[in-house]
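# Working through the structure, step by step
If you want the building blocks of each chain, they are given just below.
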Amino acid sequence: MEDLSEQPVLRVRPEEGERFLPNDFYDVLAHRYFPVLSLTYIASIIGIALKVSRPEAGFIYYFFQDPYAYRMGYWVAAWVSIPAILWILIKSTFHLGDVADLWYKVTSGLMIFTLLVSLVLFPMGESGFAIRLFMVATIPILFVQYFFFVRGGLPPTMAWPLTVAGLTFLTYGLIL
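Our subject in this report is the structure included herewith.

What counts and what doesn't
- Residues numbered from 1 in each chain as written.
- Predicted model: local features only at pLDDT ≥ 70, side-chain atom pairs only at ≥ 80, totals over all residues.
- Heavy atoms only, no water.
- Core = buried A, V, L, I, M, F, W, Y, C linked by side-chain atoms within 4.5 Å.
- Buried < 20%, exposed > 50% of the residue type's maximum accessible area, 1.4 Å probe, protein only.
- Helix = DSSP H or I, 4+ residues; strand = E, 2+ residues; numbered from the N terminus.
- Contact = heavy atoms within 4.5 Å.
- 1 Å grid on protein atoms, 1.4 Å probe; cavity = no way out; pocket = protein on both sides within 12 Å on 5 of 7 lines; lining within 4 Å.
- Points joined across faces, edges and corners; volume = space filled by probe spheres on them.
- Nonpolar A, V, L, I, M, F, W, Y, C, P; charged D, E, K, R; others polar.
- Phe/Tyr/Trp six-rings, centres within 6.5 Å; stacked < 30°, edge-to-face > 60°.

## Things to note about the nonpolar core
Formed by 30 residues in total, the largest nonpolar core has its most connected members in Tyr33, Ile45, Trp87, Ile88, Tyr104 and Phe149. Of all the elements in the fold, those that place two or more residues in this core are helix H1 (25-52), helix H2 (59-64), helix H3 (68-92), helix H4 (100-121) and helix H6 (139-151). Ranked by residues supplied to this core, first place goes to H3 with 10 residues. The residues contacting Tyr33, other than those within four sequence positions of it, are Val28, Ser81, Ala84, Ile85, Ile88, Gln145 and Phe149.

## A few points about the layout of surface pockets
By volume, the largest pocket amounts to about 180 Å³. Taken together, Phe34, Leu37, Ser38, Tyr41, Tyr74, Ala77, Thr163, Gly166, Leu167 and Leu170 form the lining of the largest pocket. Contributing elements (two or more residues each) for the lining of the largest pocket: H1, H3 and helix H7 (156-175). In terms of residue class, the lining of the largest pocket is made up of 7 nonpolar, 3 polar and no charged.

## A short note on the packing of aromatic side chains
Enumeration over the complete set of coordinates arrives at 10 aromatic pairs. For the ring pair Phe59 and Phe63, a centre distance of 5.2 Å and an interplane angle of 20° mean the geometry is stacked. Taken together, the positions of Phe59 and Phe63, both in helix H2 and 4 residues apart, correspond to about one turn of that helix. Residue classification places Phe59 among the partly exposed residues on the basis of a relative accessible area of 26%. These aromatic residues form a ring-pair network of at least three members: Phe59, Phe63, Phe64, Tyr70, Phe169 and Tyr172.

Nothing here speaks to function; it is geometry throughout.
As structure tokens, then:
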């Protein structure tokens, strides 16, 4: 029988310079991810409110009183967040950080392909058509978001007001 008292003790210590989160993790969130997500959410709310406005109930009603535009905006923001969150997670991994850009491109491409195939193959109901239409409109946002992730973030004078505005609209939509 084996003597268990002779087992080696394994101690895991980070190497010099390694951390649990990379040094620029909070910078990526504050200056890259949240501003673009806020801009996407605000633009989708305005676009949806403009699209559903009718002569009897105009843009002002749908923008300030009806929660439909805010709830549809959640779906659009969640759709755009998928490749961004994947990029952030892979970029923060020490051994896979170099392939984060490739993963973003592949994930975005698969999402666009899936969306276009769903438009062709599946019948469109009233609500399904509206959400798919706005998700097709988010394709340019995927490119803008990638540009900000690769090139660097927005300056704080632009990033923080956009983030605060997005959080304000999010809170207002939750109140409705």
